[in-house]
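# Fold and contact review
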Amino acid sequence: MKKISILVPCYNEEDNVVPLSGEIIKLFEARLASYDYEIVFIDNCSVDNTKPLLRELCRGNLRIKAIFNAKNFGQNNSPYHGMCQTAGDCVILMCADFQDPIELIPKLVEEWEKGYKIVSCIKAKSRENRLMRFIRTCYYKAIKKMSSIEQIEHFTGFGLYDKSFVEVMRNLQDPQPFLRGIVAELGFRRKEINYEQAKRRAGKTKNNWYTLYDLAMFSFTTYTKTGLRFATITGFLMGGLTFLISMVYLVYKLLYWDSFSVGMAPMVIGVFFIGSMQLFFIGFIGEYIMAINTRLRLMNRPLVIEEERINFAPASKDALV
């Protein structure tokens, strides 16, 4: 009997973890009874009642497992680490807030049985704010055009991953993994399924403008060279333009010494314009340097530090990333 792992990263999801686990169990009993399963929650150091609720769930059902992180290790590291701790023939990654439709799980399994190693769910529609949706769309299209690796638009990570892909993840030893980029880069046979993302069932989103910007810049600096190339070319062109303007200004000054009285305005405007361009690109290049520094600083460190795990066999502790 094949085993399916459901991985659910969570942080302050006290209103969702109990009903989510109940809905998943009902679905397996009704529509996927021929499969064994496990539900693995990886909690990113919640400060509400999520941990006690997960402990209670684990006591009532040995198929429900929990990993409690010692602190919040971010929305990239925690799910990645959790996927590497699963024991199924495939793992389905989904969020805890019911935005990823549970009823799509049988379809994911069906495509997996056809031979697809990865079944990625594409957020074709969403009930989120229209402005946010527009910004996301622009971002995805921009990074897709700029990256040498074909990026997946509106892919949040929700989907099914075969154990062969999970094994590759275990061996990557990436100090700061970005799952969506890895899926696009490694080229496993992949199937895309469109879905409409619902609103959160309960609770508040943990993302804000800063976390979204940080994630966007991380993926941009990891998978594109365009930013640096654009800064170099623009700097070269602006330098040439500045030299040309200065030579024209000098010639006019020499030829029309008495009548030429433009004054300092062109010089002041030019200094401010060139200065602003320099500041912009220094900051832009700084994003790349910061990404390099972060990777070097995190090299050979574990993705997360676990505080506790429940309902795992003792031998599985050796599988830590």
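For the structure itself, consult the block above.
Here we summarise the structure given alongside this text. Values in this document were obtained by computation on a predicted structure and should not be read as measured data.

Nonpolar side chains collect at one region of the surface, where Leu241, Leu244, Ile245, Val248 and Tyr252 lie side by side and expose about 470 Å² of accessible area between them. Structurally, Tyr252 can be placed in helix 9 (residues 226-255). For Tyr252, a relative accessible area of 43% gives the class partly exposed.

Here the focus is the sheet that holds strand 5 (residues 118-126). Strands sit in the order 7-5-6-4-1-2-3-8 across an open sheet of 8 strands; the sheet is mixed. Of all the strands in the sheet, the pair left with one neighbour each is strand 7 (190-197) and strand 8 (306-310). Direction aside, neighbouring strands of the sheet carry axes that sit 20 degrees apart on average. With 5 bridges joining them, strand 2 (residues 36-43) and strand 3 (residues 64-69) adopt parallel strand pairing.

Following the sequence through the fold, Ser46 ends up in the loop between strand 2 and helix 2 (50-60). Among the polar contacts listed, one links the side chain of Ser46 to the backbone nitrogen of Asn12, at a separation of 2.7 Å. A distance of 2.4 Å separates a polar atom in the side chain of Ser46 from a polar atom in the side chain of Asp43. The residues touching Ser46, leaving out its near neighbours within four places in the chain, are Cys10, Tyr11, Asn12 and Lys51.

Moving on: the packing of aromatic side chains. Summed over the entire model, instances satisfying the criterion amount to 3 aromatic pairs. Pairing Phe158 with Tyr195 gives two aromatic rings, centres 5.3 Å apart and planes at 80 degrees, and the pair type is edge-to-face. Of this pair, Phe158 sits in strand 6 (residues 155-162) while Tyr195 is found in strand 7, placing the two residues 37 residues apart along the sequence. In this structure Phe158 comes out as buried when scored by relative accessible area, which is 2%. Accessibility expressed as a relative area gives 6% for Tyr195, which makes it buried. Between Tyr161 and Phe165, the ring centres sit 5.6 Å apart and the planes meet at 25 degrees, which makes this aromatic pair stacked. Positioned over the ring face of Phe312 is Lys65, at 5.2 Å from the centre of the ring. In this structure, Arg309 packs its charged tip against the face of Phe312, placed 4.5 Å from the ring centre.

Here we take up the nonpolar core. Ranked by size, the top nonpolar core spans 41 residues in total, and within it Ile6, Phe41, Ile105 and Val109 carry the most contacts. Among the elements that line this core, the one with the most residues is helix 1 (residues 17-31), at 6 residues.

Each value, and the rule that gives it
- Residues numbered from 1 in each chain as written.
- Predicted model: local features only at pLDDT ≥ 70, side-chain atom pairs only at ≥ 80, totals over all residues.
- Heavy atoms only, no water.
- Patch = residues over 30% accessible without salt bridge, like charges linked within 9 Å, V, L, I, M, F, W, Y side chains within 5 Å.
- Areas by Shrake-Rupley, 256 points an atom, 1.4 Å probe, with all protein chains shown as cover.
- Salt bridge = Lys/Arg side-chain N within 4 Å of Asp/Glu carboxyl O.
- Helix = DSSP H or I, 4+ residues; strand = E, 2+ residues; numbered from the N terminus.
- Buried < 20%, exposed > 50% of the residue type's maximum accessible area, 1.4 Å probe, protein only.
- Pairing = 2+ DSSP bridges.
- Axes fitted to C-alpha atoms, helices over the stretch in contact; angles between N-to-C directions.
- Polar contact = N/O pair within 3.5 Å; in protein donor to acceptor, adjacent residues only side chain to side chain.
- Contact = heavy atoms within 4.5 Å.
- Phe/Tyr/Trp six-rings, centres within 6.5 Å; stacked < 30°, edge-to-face > 60°.
- Lys NZ or Arg CZ within 6 Å of the ring centre and 35° of its normal.
- Core = buried A, V, L, I, M, F, W, Y, C linked by side-chain atoms within 4.5 Å.

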